[in-house]
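Secondary and tertiary structure notes
These are the residues of each chain, in order.
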Amino acid sequence: MGQAQPRITAYGSGGFTSYDDAELEKQLSDWAEAGMKMVKMKVGSESGRDIARVRLAREAIGPDVQLGVDANGAYGRKQALAFGEAFAAQGVMWFEEPVTSQDRAGLRLLRDRLPAGMDVAAGEYGWDLQHFHDLLTAGAVDCLQIDGTRCLGITGFLQAAVLARAHHLEVSAHCAPTLHVPVCCALPHARHIEYFHDHVRIERMLFDGFRDAAGGRMSPSLDRPGLGIALKEADAARYAV
Ligand SMILES: [Mg+2]
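Residues numbered from 1 in each chain as written. Predicted model: local features only at pLDDT ≥ 70, side-chain atom pairs only at ≥ 80, totals over all residues. Heavy atoms only, no water.

As recorded in an unreviewed UniProt entry, the protein goes by the name Enolase C-terminal domain-like, listed as coming from Caenispirillum bisanense.

Set out below in structure tokens:
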């Protein structure tokens, strides 16, 4: 694929709504202390707690680490607009799926009306080129998310990324961080990789060649073929179904 950048920014992603305040605080501050320049948390399942949780997250990571939120489409349009303005007061700069990705007009409305400096992101469910085309032509996102495990693999990832480039947008890899390192490093306009808590745990457990995000950056293994990973067959055997 060639290399357009030697390493790619990784951001810590977790902050699940099932966490209590202490768990949320610890996970996000651990990532900040490990050198992550951005962390992301979930919002939307109990909206009454969201503003307090986001405030707590900001206090945990300090003023210099970027904070993103992911609502997984849980809000309505105007509700998302109101929450977005409140999150902006805490310096949130990434609002992922404020409304469902099926509501492209809603994403566009939010993209146009949310405060400056707050990006609207979506695309993680895309499994064919049409999905990405529709999001982009609707003007629904500021940064296109792509998941190589869902969108026809590396080939599909590259195709969706080219579409985004034609719309003057950057792309971000959704989950499966180790798999996305080579493909994101091959693209000059890949912004970052989602270093998703659960996937990091599974990759570390089941794959030789797992890449750590030390210092908030990831780089490909240039001494291993392909994606640079191999399934640890023996370790995986106990989970066979
Ligand atoms: Mg998401």
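This is not the end of the story, as more comes after the structure.
Volume-wise, the largest pocket comes out at about 170 Å³. Across the lining of the largest pocket, the residue classes break down as seven nonpolar, five polar and one charged. (1 Å grid on protein atoms, 1.4 Å probe; cavity = no way out; pocket = protein on both sides within 12 Å on 5 of 7 lines; lining within 4 Å. Points joined across faces, edges and corners; volume = space filled by probe spheres on them. Nonpolar A, V, L, I, M, F, W, Y, C, P; charged D, E, K, R; others polar.)

Turning next to the coordination of the magnesium ion. Six octahedral donors around a metal ideally make angles of 90 or 180 degrees; four tetrahedral donors ideally make 109.5 degrees. Protein-derived coordination of the magnesium ion comes from Asp70 (OD), Glu96 (OE) and Glu124 (OE), at a distance range of 2.0 to 2.2 Å. Expressed as a motif, the donor residue spacing for the magnesium ion is D-x25-E-x27-E. Here aspartate 70 is found in strand S3 (residues 66–70), whereas its partner glutamate 124 is found in the loop between strand S5 (119–122) and helix H5 (129–137), with 54 residues between them in sequence. Each member of the pair aspartate 70 and glutamate 124 is classed as buried. (Donors = N, O, S within 2.8 Å, 3.2 Å for Na, K, Ca; no water. Helix = DSSP H or I, 4+ residues; strand = E, 2+ residues; numbered from the N terminus. Buried < 20%, exposed > 50% of the residue type's maximum accessible area, 1.4 Å probe, protein only.)

What follows concerns the packing of aromatic side chains. Under the counting rule described, the total for this entry stands at seven aromatic pairs. Summarising the aromatic geometry, the rings of tyrosine 75 and phenylalanine 95 are spaced 6.1 Å apart at their centres and angled 75 degrees between planes, so their arrangement reads as edge-to-face. With a gap of 20 residues between them, tyrosine 75 in the loop between S3 and helix H3 (77–88) and phenylalanine 95 in strand S4 (residues 92–96) connect regions that are remote in the sequence. Taken together through their ring pairs, the aromatic side chains of Tyr75, Phe83, Phe87 and Phe95 make up a single cluster. (Phe/Tyr/Trp six-rings, centres within 6.5 Å; stacked < 30°, edge-to-face > 60°.)

Attention now goes to a nonpolar patch on the surface. A contiguous nonpolar patch, built from Ile202, Met205 and Tyr239 and spanning about 260 Å² of accessible area, is present on the exposed surface. Looking at the secondary structure, you find isoleucine 202 in helix H8 (residues 197–206). Since its relative accessible area comes to 36%, isoleucine 202 is described here as partly exposed. (Patch = residues over 30% accessible without salt bridge, like charges linked within 9 Å, V, L, I, M, F, W, Y side chains within 5 Å. Areas by Shrake-Rupley, 256 points an atom, 1.4 Å probe, with all protein chains shown as cover. Salt bridge = Lys/Arg side-chain N within 4 Å of Asp/Glu carboxyl O.)

The next point concerns helix H2 (residues 47–61). Given a rise of 1.5 Å per residue, 15 residues ought to cover 21 Å, and the 21 Å separating the end C-alpha atoms of H2 matches this to within 8%. Every buried residue belonging to H2 is among Asp50, Arg53, Val54, Leu56, Ala57, Arg58, Ala60 and Ile61, and all of these are buried. (Expected span 1.5 Å × (residues − 1).)

Attention shifts here to the nonpolar core. If you look at soluble globular proteins, the nonpolar side chains tend to sit buried side by side. Core analysis: the largest hydrophobic core is formed by 62 residues, its most contacted members being Phe87, Phe95, Leu144, Ile146 and Tyr195. The contact partners of phenylalanine 95, leaving out residues within four places of it in the chain, are Val69, Ala71, Tyr75, Ala80, Gly84, Phe87, Leu114, Met118, Asp119, Val120 and Ala121. If you look at the next biggest cluster of nonpolar residues, it comprises six residues, including Tyr11, Met38, Trp94 and Ala121. (Core = buried A, V, L, I, M, F, W, Y, C linked by side-chain atoms within 4.5 Å. Contact = heavy atoms within 4.5 Å.)

What follows covers the UniProt feature "domain: Mandelate racemase/muconate lactonizing enzyme C-terminal" (unreviewed entry) in the protein. Cross-referencing UniProt, the feature "domain: Mandelate racemase/muconate lactonizing enzyme C-terminal" (unreviewed entry) maps to residues 21–117 in the present numbering. Between the end C-alpha atoms of residues 21–117 there is a gap of 27 Å, over a span that is 52% helix and 15% strand. (UniProt positions renumbered as here; feature names shortened; annotations may be inferred.)

With burial as the criterion, each face of strand S6 (residues 143–146) is covered, one bearing Cys143 and Gln145 and the other bearing Leu144 and Ile146. In terms of strand pairing, S5 meets S6 through two bridges, oriented parallel. Its bridge partner lying in S6, alanine 122 is registered against leucine 144. For the segment spanning S5, H5 and S6, crossover handedness is right-handed. Of the pairings in the sheet, the one linking S6 to strand S7 (residues 170–173) comprises four bridges and is parallel in character. Directly across from isoleucine 146, in S7, lies its bridge partner alanine 173. Handedness of the crossover joining S6 and S7 through helix H6 (residues 153–166) is recorded here as right-handed. (Pairing = 2+ DSSP bridges. Right-handed = clockwise from strand over helix to strand, strands pointing away.)

The subject of this paragraph is the side chain of aspartate 142. Along the chain, aspartate 142 falls in the loop between H5 and S6. A polar side-chain atom of aspartate 142 sits 2.8 Å from a polar atom in the side chain of arginine 111. Among residues more than four places away in sequence, those in contact with aspartate 142 are Arg111, Met118, Asp119, Val120, Leu169 and Arg191. (Polar contact = N/O pair within 3.5 Å; in protein donor to acceptor, adjacent residues only side chain to side chain.)

We now examine the packing of helix H7 (residues 177–185) against H8. Helix packing for two helices is described by the angle between their axes and how far apart those axes are. Two elements in contact, H7 and H8, have axes separated by 9 Å at closest approach and are oriented at 95 degrees. Overall, the two elements H7 and H8 adopt an arrangement that is roughly perpendicular. Contacts from Pro177, Thr178 and Leu179 of H7 reach H8 at His199, Val200 and Glu203. (Axes fitted to C-alpha atoms, helices over the stretch in contact; angles between N-to-C directions. Parallel < 35°, antiparallel > 145°, perpendicular 65-115°, else oblique.)

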